[in-house]
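Topology and contacts: notes
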Amino acid sequence: MKTLLITCSLMLFSFFYASAQKSPVYISSGSAVGGYDVVAYFTEGKPVKGDPKLSYHWHDADWHFSNQSNLKLFEMNPAKYAPEFGGYCAYGVSQGHKAPTDAQAWTIVGNKLYLNYNLDVKKKWIADTSGLIRVANKNWPEIKDMN
């Protein structure tokens, strides 16, 4: 019975994880990039949790912002502030797959926001950012709509 319960739990988790991965935008906790204000990375230089009351729907996802000014900036030019690869792990995309991200593991390169799975993966990302960006840019069109 215990084995059956564990198996069912793992199958349920896999189903929900795979469903979330189909989106070209990384959605966690019901919003893009886990509800973090993507504009704040540029304006405040750090991850800031957004407020669901300050939300904008773009690319089939709800994006949250920490203040009205950041919401307006995003509304005027979402592509400028949205993370590359829909907010999926940039290193993962360079390796040919989608992976979730940690809001604390981020970089801005060439005025573009890149997120990574965690701080250890960010170290790998930083070791060859420009080379990995080239590979990820080639991989993204093929994997953006995949599980």
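Up top is the structure.
Predicted, not measured: the structure shown is a model, and the values here were computed from it. (Residues numbered from 1 in each chain as written. Predicted model: local features only at pLDDT ≥ 70, side-chain atom pairs only at ≥ 80, totals over all residues. Heavy atoms only, no water.)

Considerations on the nonpolar core
Judged by nonpolar contacts, the single largest core of 18 residues is most densely connected at Val38, Tyr41, Trp63, Phe65, Phe74, Leu113 and Leu115. If you list the elements that add at least two residues to this core, you get helix H2 (38–43), strand E4 (61–65), helix H3 (68–76), strand E5 (102–109) and strand E6 (112–116). Setting aside residues no more than four positions away along its own chain, Trp63 makes contact with Val25, Ala32, Val33, Val38, Leu54, Ser55, Tyr56, Trp58, Phe74, Ala82 and Pro83. In terms of nonpolar packing, the next biggest core, distinct from the first, is built from 16 residues, Val93, Tyr114, Val121 and Trp140 among them. (Core = buried A, V, L, I, M, F, W, Y, C linked by side-chain atoms within 4.5 Å. Buried < 20%, exposed > 50% of the residue type's maximum accessible area, 1.4 Å probe, protein only. Helix = DSSP H or I, 4+ residues; strand = E, 2+ residues; numbered from the N terminus. Contact = heavy atoms within 4.5 Å.)

Digging into the side chain of Ser23
Tracing the sequence through the fold places Ser23 in the loop between helix H1 (2–21) and strand E1 (27–28). Polar contacts involving the side chain of Ser23 include one to the main-chain carbonyl oxygen of Val25, which spans 2.8 Å. Excluding residues within four positions of it along the chain, Ser23 makes contact with Tyr88, Lys98 and Lys144. (Polar contact = N/O pair within 3.5 Å; in protein donor to acceptor, adjacent residues only side chain to side chain.)

What is shown is where atoms sit, not what they do.
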